[in-house]
Amino acid sequence: DQQVKQNSPSLSVQEGRISILNCDYTNSMFDYFLWYKKYPAEGPTFLISISSIKDKNEDGRFTVFLNKSAKHLSLHIVPSQPGDSAVYFCAASGTQGGSEKLVFGKGTKLTVNP
Amino acid sequence: GAVVSQHPSWVICKSGTSVKIECRSLDFQATTMFWYRQFPKQSLMLMATSNEGSKATYEQGVEKDKFLINHASLTLSTLTVTSAHPEDSSFYICSARRGLAGGWAYFGPGTRLTVT
């Protein structure tokens, strides 16, 4: 049972354009959402997060949007740069049964072409 | 920013032996740490949530007797893979959460385990 879903395994965009990465979740207990960037054989690096009480959070070129009713969030990168090429993981955090969880999607590989 | 370290970064062991992986938060206290494993070209799979001073909470399908987790202090959690088999070969990553629930989770660099 996949609680956090990233349905696009890969995305290719041109430098300077917008990259939009999508994520869906199924469990209503999640109340905090995060995006991580990951390179091979390294741990994920935190990018940006959003609390379930908000619908938008912006940090420089990165903006995360949350649609709680649709259980959907997205990460917008604009303008995209070649250095943004990496695998992006969506993660959801919450407490269930007294235990905290931080669950990841399968990731989307972003390639930004010069 | 906060730093989380893992040791060792890679290890090769023989089938049937046990391997211990350490996860340390270097400049903050982490009441909660998470252990993940990642197979090639797949996502990070949450194995267990480790809470300081109490038993770890394992995800469904993860054998608690095989993957022993100890969170003895606010800066150290260990994962011991007991009686390792080749199918346990994977990339193991820990993360430590700083602050209140929902706060940022910082990740270690990962440990590559190869069981021969």
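About the cut-offs
Residues numbered from 1 in each chain as written. Chains lettered and ligands numbered in written order. Predicted model: local features only at pLDDT ≥ 70, side-chain atom pairs only at ≥ 80, totals over all residues. Heavy atoms only, no water. Helix = DSSP H or I, 4+ residues; strand = E, 2+ residues; numbered from the N terminus. Rg over C-alpha atoms; globule rule 2.2 N^0.38 Å. Contact = heavy atoms within 4.5 Å. Areas by Shrake-Rupley, 256 points an atom, 1.4 Å probe, with all protein chains shown as cover. Core = buried A, V, L, I, M, F, W, Y, C linked by side-chain atoms within 4.5 Å. Buried < 20%, exposed > 50% of the residue type's maximum accessible area, 1.4 Å probe, protein only. Pairing = 2+ DSSP bridges. Buried area = accessible area lost by both parts, 1.4 Å probe. Salt bridge = Lys/Arg side-chain N within 4 Å of Asp/Glu carboxyl O. Axes fitted to C-alpha atoms, helices over the stretch in contact; angles between N-to-C directions.

Draft legend 1. Representation of the overall build of chain A within the structure. Assigned secondary structure in chain A consists of zero helices and 11 strands. A compact globule built from 114 residues would reach a C-alpha radius of gyration of about 13 Å, and chain A, at 14 Å, matches this within 12%. Its C-alpha atoms give chain A principal-axis dimensions of about 45 × 30 × 20 Å. The long-range share in chain A, meaning contacts at least 24 apart out of those at least 6 apart in sequence, stands at 54%. With an accessible surface of roughly 5400 Å², chain A has 48% of that area assigned to carbon and sulfur atoms.

Draft legend 2. Molecular detail of unusual backbone geometry. Backbone torsion omega between Val 78 of chain A and Pro 79 of chain A reads -10°, so that peptide bond is classified as cis. Its place among the elements puts Pro 79 of chain A in the loop between strand E8 (72–77) and strand E9 (86–96). In this structure, the amide linkage connecting His 7 of chain B to the following residue, Pro 8 of chain B, adopts the cis form with an omega of 0°. On the secondary structure map, Pro 8 of chain B appears in the loop between strand E1 (4–7) and strand E2 (10–13). The phi torsion at Ser 83 of chain B lies on the positive side, around 45°, for a residue other than glycine. When you line up the elements, Ser 83 of chain B lands in the loop between strand E8 (76–81) and strand E9 (90–97).

Draft legend 3. How the structure looks around the nonpolar core. Trp 35, Tyr 36, Leu 73, Leu 75, Tyr 88, Leu 102 and Phe 104 of chain A are the most contacted members of the largest nonpolar core, which totals 41 residues. Grouped together as the second largest cluster of nonpolar side chains are 26 residues, Met 33, Ala 48, Ile 69 and Tyr 106 of chain B included.

Draft legend 4. Summary view of the sheet that holds strand E6 (residues 56–59) of chain A. Residues and elements named next belong to chain A. Reading across from one edge, E1-E3-E8-E7-E6 is the order of the five strands in this open sheet, with antiparallel pairing throughout. Bordering the open sheet on either side are strand E1 (4–5) and E6, each of which pairs with just one other strand. The pairing of strand E3 (residues 19–25) with E8 spans six bridges and is antiparallel. Within E8, the residue paired with Ser 19 across the bridge is Ile 77.

Draft legend 5. A look at the interface of chain B and chain A. The interface is formed by 22 residues belonging to chain B together with 20 residues belonging to chain A. Between chain B and chain A, the buried area comes to about 1600 Å², and carbon and sulfur atoms account for 58% of it. The interface formed by chain B and chain A includes one salt bridge. Among the ionic pairs, Glu 59 of chain B bridges to Lys 101 of chain A, the shortest N-O distance being 2.6 Å.

Draft legend 6. Focus on the pairing of strand E3 (residues 19–25) of chain B. Residue and element names in this part refer to chain B. Burial along E3 is one-sided: Val 19, Ile 21, Cys 23 and Ser 25 are buried, and none of Lys 20, Glu 22 and Arg 24, which face the opposite way, are. In this structure, E1 lies alongside E3, joined through four bridges in antiparallel fashion. Counted as the bridge partner of Ser 5 is Arg 24 from E3. Two elements, E3 and E8, share six bridges in a ladder whose sense is antiparallel. Bridging across to E8, Cys 23 finds its partner in Ser 77.

Draft legend 7. Summary view of the environment of Val 112 of chain A. Residue and element names in this part refer to chain A. Mapped onto the elements, Val 112 comes out in strand E11 (residues 108–113). The class of Val 112 is buried, set by a relative accessible area of 4%. If near-sequence neighbours (up to four positions away) are discounted, Val 112 is found in contact with Val 13, Gln 14, Glu 15, Ser 80, Gln 81, Pro 82, Asp 84 and Ser 85.

Draft legend 8. Region of interest: the sheet that holds strand E7 (residues 67–73) of chain B. All names here are of chain B. Taken together, the four strands give an open sheet; going across it, the order is E1-E3-E8-E7, and neighbouring strands pair in antiparallel fashion. Two strands bound the open sheet, and with one partner strand each, they are E1 and E7. On average, each strand axis in the sheet is inclined to that of its neighbour by 15°, with strand direction left out of account.

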